[in-house]
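# Analysis of the macromolecular model
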Amino acid sequence: MDFSLSEKLWNQAQELFPGGVNSPVRSFQSVGRHPFYVSRAKGSKLFDVDANCYTDYVCSWGALIHGHCYSPVVRAINEALQNGTSFGANCPLEIRLSQLIRSAMPSIEKIRFLNSGTEACMTAIRLARGFSRREKIMKFEGCYHGHVDSLLVKAGSGALTTGIPDSEGIPASLSALTIILPWNDEEKLIAAFKKYGRETAAIILEPVPANCGLIPPKEGFLESIESQARAYGSLIIFDEVITGFRLSYGGAQALFRIKPDLTVLGKIIGGGLPVGAIGGKKEIMDCLSPLGKVYQAGTLSGNPLAMAAGIAQLEELQKGHAYQYLENLGQQLEAGMLEIQKKLSYP
Ligand SMILES: *Cc1c(COP(=O)(O)O)cnc(C)c1O
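About the criteria used
- Residues numbered from 1 in each chain as written.
- Predicted model: local features only at pLDDT ≥ 70, side-chain atom pairs only at ≥ 80, totals over all residues.
- Heavy atoms only, no water.
- Core = buried A, V, L, I, M, F, W, Y, C linked by side-chain atoms within 4.5 Å.
- Buried < 20%, exposed > 50% of the residue type's maximum accessible area, 1.4 Å probe, protein only.
- Helix = DSSP H or I, 4+ residues; strand = E, 2+ residues; numbered from the N terminus.
- Contact = heavy atoms within 4.5 Å.
- Salt bridge = Lys/Arg side-chain N within 4 Å of Asp/Glu carboxyl O.
- Near = heavy atom within 4 Å.
- Polar contact = N/O pair within 3.5 Å; in protein donor to acceptor, adjacent residues only side chain to side chain.
- Areas by Shrake-Rupley, 256 points an atom, 1.4 Å probe, with all protein chains shown as cover.
- Nonpolar A, V, L, I, M, F, W, Y, C, P; charged D, E, K, R; others polar.
- Phe/Tyr/Trp six-rings, centres within 6.5 Å; stacked < 30°, edge-to-face > 60°.
- Domains from an automatic or database assignment.
- Pairing = 2+ DSSP bridges.
- Axes fitted to C-alpha atoms, helices over the stretch in contact; angles between N-to-C directions.
- Patch = residues over 30% accessible without salt bridge, like charges linked within 9 Å, V, L, I, M, F, W, Y side chains within 5 Å.

## Side note on the nonpolar core
Counting 24 residues, the largest nonpolar core has Leu127, Ile237 and Leu262 as the members making the most contacts within it. Those elements giving two or more residues to this core turn out to be helix H4 (117–132), strand S7 (200–205), strand S8 (235–239), strand S9 (262–265) and helix H10 (282–285). No other element matches H4, which puts 6 residues into this core. The contacts of leucine 262, once residues within four sequence positions are left out, are Ala124, Leu127, Leu235, Ile236, Ile237, Phe238, Ile278, Gly279, Gly280, Ile284 and Met285. Counting residues in hydrophobic clusters, the runner-up holds 23 residues, among them Phe245, Ala277, Leu314 and Ala322.

Shown next as structure tokens:
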């Protein structure tokens, strides 16, 4: 295989971007080779600038649940594009996407759209603190909630693969407000709430952590989180940026039948365009500006192209065939990997 054009670009990139990239995982540090440069993608295939073809198991980290250039999504973006790229004012597409999300996730009464999952997590934390007038946050080891200061403590994702469990530049006084819990450890959960519950604004979690491997919750663990949080008046924030519209149409909350106070969404709901969202109980959401005193704003929020892509993607998912198909594909992949594991006799 020829990688000469990718190599050339990679050499230029290292002069231009820190580590040659605009997001750390793209540096391929854990892959053991230089990154390739993508020229185009279609369905499950990626093509690099040297015309090599790859099967893409990543699909923009889950954002492209239908694969690349899915025609209903492309069509919707094209259509929206003819009417303008950003208005700095309201557009009807925001209403349609929020209705689709709300009907999929009944815990969401009101929504605010933002531009990334990170932004949505950041706002969720601020909102929980503003609503509860408490300062502490609980999160789980290995759960990634974007590069939010308060949440970039023992996070997964790039922070895990590049071996940086933490980040410089985060004041100790801020991370001191973040309590880290081990996932699936009920005893430590109860102990933490006993000690800090009354000062804790919210507990945030990926209901199925997907940024440090994939670790399903033990039977009853999500219920324990719920009952502890309720007992101490802390909010429950489900970060469904990956699980939302993925584990099921209604996300992890539908699958496990738990109603979080706030839900953070991203990736899939943007159909491959930059989007984040936070949604939840009306009385909490109404604390956001301009109604409430928790400030949040965004020049490109509710962007018409992103809304159009998200609507098209969710409308396709709503038809319902996708989840069984994904399950079948996943089972095939799992069986194949287990077989290879046996052959290689990994533990
Ligand atoms: C990707 C991800 C985020 C961050 O979203 P960005 O759009 O990359 O900022 C937050 N939480 C989870 C669970 C994610 O997987």
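The rest of the description comes next.
## Description of the pattern of salt bridges
Overall, the coordinates contain 7 salt bridges when judged by the stated rule. Arginine 230 is the salt-bridge partner of aspartate 261, the closest N and O atoms lying 3.1 Å from each other. On the criterion of sequence distance, the pair formed by aspartate 261 in the loop between helix H9 (251–256) and S9 and arginine 230 in helix H8 (residues 221–232) is long-range, its members being 31 residues apart. Between lysine 319 and glutamate 316 there is a salt bridge, with its nearest N and O atoms 3.0 Å apart. Here lysine 319 falls in the exposed class, since its relative accessible area comes to 51%. By relative accessible area, which is 17% here, glutamate 316 ends up buried. Bridged by salt links that share partners, the residues Arg230, Asp261 and Lys281 form one connected network.

## Quick look at the site of the ligand
The environment of the ligand is formed by Ser116, Gly117, Thr118, Tyr144, His145, Gly146, Glu206, Asn211, Asp239, Val241, Ile242 and Lys267. The contact in question runs from an oxygen atom of the ligand to an N or O atom on the side chain of threonine 118, over 2.6 Å. In this structure, a nitrogen atom belonging to the ligand sits 2.6 Å away from a side-chain N or O atom of aspartate 239. The fraction of the free accessible surface of the ligand (380 Å²) that becomes covered by protein chains is 83%. Partitioned by chemical class, the residues of the shell around the ligand number 3 nonpolar, 6 polar and 3 charged.

## Examining the packing of aromatic side chains
The final tally for this structure, using the stated rule, is 7 aromatic pairs. Considering the side-chain rings of phenylalanine 245 and tyrosine 249, the 5.1 Å spacing of their centres and the 80° angle between planes classify their relative orientation as edge-to-face. Side by side, phenylalanine 245 and tyrosine 249 carry an identical accessibility label, which is buried. Here the aromatic cluster, defined as three or more aromatic residues joined through ring pairs, consists of Phe28, Phe36 and Tyr54.

## Some words on the domain arrangement of the protein chain
Looking at the protein chain, the domain boundaries give domain 1 (1–57) and domain 2 (71–317). Relative placement of domain 1 and domain 2: their C-alpha centres are 29 Å apart.

## Some remarks on the sheet that holds strand S10 (residues 276–280)
Here 7 strands make up an open sheet; going across it, the order is S4-S10-S9-S8-S7-S5-S6 and the pairing mixed. A strand with exactly one partner marks an edge of an open sheet, and here the two such strands are strand S4 (110–114) and strand S6 (178–181). Each adjacent strand pair in this sheet contributes to an overall mean axis angle of 20°, direction not counted. Bridge count for S9 against S10 is 4 bridges, and the pairing is antiparallel. By the bridge assignment for S10, valine 264 is matched with isoleucine 278. Packed on one face of the sheet, H8 meets strand S5 (136–140), S7 and S8 and runs near 170° to S7.

## What to know about a nonpolar patch on the surface
A cluster of nonpolar side chains, Tyr57, Leu333 and Met337, forms an exposed patch at the surface whose accessible area comes to about 360 Å². As for its position among the elements, tyrosine 57 is in the loop between strand S3 (53–55) and helix H2 (71–81).

## Structural notes on the environment of arginine 134
Take arginine 134: it is sitting in the loop between H4 and S5. Counting along the chain gives 191 residues from arginine 134 to tyrosine 325, while the straight-line C-alpha distance between them is 44 Å. In this structure, arginine 134 is in contact with Arg129, Gly197, Arg198, Glu199, Thr200, Ala201, Tyr232, Gly233 and Ser234, ignoring residues within four places of it in sequence. For arginine 134, the side chain forms a polar contact with the main-chain oxygen of threonine 200, separated by 3.0 Å. Separated by 3.4 Å, the side chain of arginine 134 and the backbone oxygen of glycine 233 make a polar contact.

## As for the side chain of asparagine 303
Turning to its location among the elements, asparagine 303 is positioned in the loop between H10 and helix H11 (304–318). With near-sequence residues (within four places) excluded, asparagine 303 lies in contact with Thr85 and Ser86.

## A few points about unusual backbone geometry
Of note, the amide linkage connecting serine 289 to proline 290 takes the cis form, showing an omega dihedral of 10°. With respect to the helices, strands and loops of the structure, proline 290 is situated in the loop between H10 and H11. One non-glycine residue, cysteine 69, lies in the positive phi region at around 55°. Mapping cysteine 69 onto the fold places it in the loop between S3 and H2.

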